[in-house]
Amino acid sequence: MKKNNLVSIIIPTRNSAETLENTLKSIKNQTYINIEVIIVDGKSSDKTIEIAKKYKSKVFTFVPKVKPGTFDATMKRNYGVVKSKGKYVYYLDSDMELGKNLIKEAVILCEGKYDGVILPEESFGIGIWAKAKNLERRCYWGDDGIEAPRFFKKKIWLTVGGLDEKLASGRDDGDLYYKLLDKGYKVGRTKSIVRHNEGNLTITKLFKKKYIYGKDVLKYVKKRPRVGVYSYFPIRMSYFKNWRLFVSRPFDTFVFVIMKAVESFGGVIGIVHSLIIK
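What you see is a predicted model; the values in this text were computed from it and never measured.

Chemist: How should I be thinking about the pattern of salt bridges in this particular structure?
Modeler: Side chains carrying opposite charge are able to pair once their charged atoms draw close together. Enumeration according to the criterion identifies 24 salt bridges in this entry. Across the pair glutamate 121 and arginine 150 runs a salt bridge whose closest N-O atoms are separated by 3.9 Å. Within this pair, whereas glutamate 121 is found in strand 7 (residues 121–126), its partner arginine 150 is found in the loop between helix 5 (128–139) and strand 8 (151–153), the two being separated by 29 residues in sequence. Each member of the pair, glutamate 121 as well as arginine 150, carries the same accessibility label: buried. A salt bridge links glutamate 263 to lysine 133; the nearest nitrogen and oxygen atoms lie 2.8 Å apart.

Chemist: Would you mind showing me how to read the packing of helix 8 (residues 203–214) against helix 13 (residues 250–276) here?
Modeler: Two quantities define a packed helix pair, namely the angle between the helix axes and the distance between the axes. As a packed pair, helix 8 and helix 13 sit with axes 7 Å apart at the nearest point and diverge in direction by 35°. In this structure, the crossing between helix 8 and helix 13 has a hand that is right-handed. Here Ile203, Leu206, Phe207, Lys210, Tyr211 and Gly214 of helix 8 come into contact with helix 13, specifically with Met259, Val262, Glu263, Phe265, Gly266, Gly267, Ile269, Gly270, Ile271 and His273. The residue inventory of the contact of helix 8 with helix 13, partitioned by class, reads nine nonpolar, five polar and two charged.

Chemist: Looking at this structure, I do not really get the side chain of serine 84. What am I missing?
Modeler: Counting through the fold element by element, serine 84 comes out in the loop between helix 3 (73–83) and strand 4 (88–91). For serine 84, a relative accessible area of 6% translates into the label buried. Those residues in contact with serine 84, other than ones at most four positions away along the chain, are Ser8, Ile10, Glu36, Ile38, Val89 and Lys154.

Cut-offs applied
- Residues numbered from 1 in each chain as written.
- Predicted model: local features only at pLDDT ≥ 70, side-chain atom pairs only at ≥ 80, totals over all residues.
- Heavy atoms only, no water.
- Salt bridge = Lys/Arg side-chain N within 4 Å of Asp/Glu carboxyl O.
- Helix = DSSP H or I, 4+ residues; strand = E, 2+ residues; numbered from the N terminus.
- Buried < 20%, exposed > 50% of the residue type's maximum accessible area, 1.4 Å probe, protein only.
- Axes fitted to C-alpha atoms, helices over the stretch in contact; angles between N-to-C directions.
- Left-handed = near helix turned anticlockwise from the far one by under 90°.
- Contact = heavy atoms within 4.5 Å.
- Nonpolar A, V, L, I, M, F, W, Y, C, P; charged D, E, K, R; others polar.

As structure tokens, then:
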């Protein structure tokens, strides 16, 4: 690397104390050292702020003016980028843990020919549903209909306008990916991975999450009809490409099928809700 340029990491939080410390530890242990961490907090009542300050993070309180039950991380991420000072910006969630060379690898890619970088995710957690989610995410490595860049040259982020806040949970990350491609920017992919802590994952949590996402599905499909329908289709080519993985994990595969059915139902209910309540 020619220069040790500043990387700004944006983390939206709201009562995230349970997982935030491991996230911040993984950032502290990076082989790339010139990093600022920006916490955009929605008035947490637990120890989130205390943990953030323990790791010398910059903390901003920001509560987007949205309807109750609306996914507001998109607004917090855009806000965090505005407050950032880095040449590069990277947004992640408070339940993610980074491989120690991840940031260094992403910077090297951006100092080469890339303007944005995809950082592959691997899920882990407690229970059968977490194992099924691990199986699913592993299939998505290399699936451009699901994976999207989260690490960017800041000037590129600003040029394309960041995340579309009207989409919120309706594939705002995928939309940003295509905004880069529409402008002719290049997107790379790290070999290092991000570990996503699903915690004690339950089928109820999965349903509720897809229900919330479902409420914004039609916004994305309307904006990007060519890729929108495919990105939400429950059966993907990446499943067939990874058939050996399913065969090697028969019980997880069985649970995965049930999980996808429940998630699809939750998404449909969310879509219906968006049609009834404007």
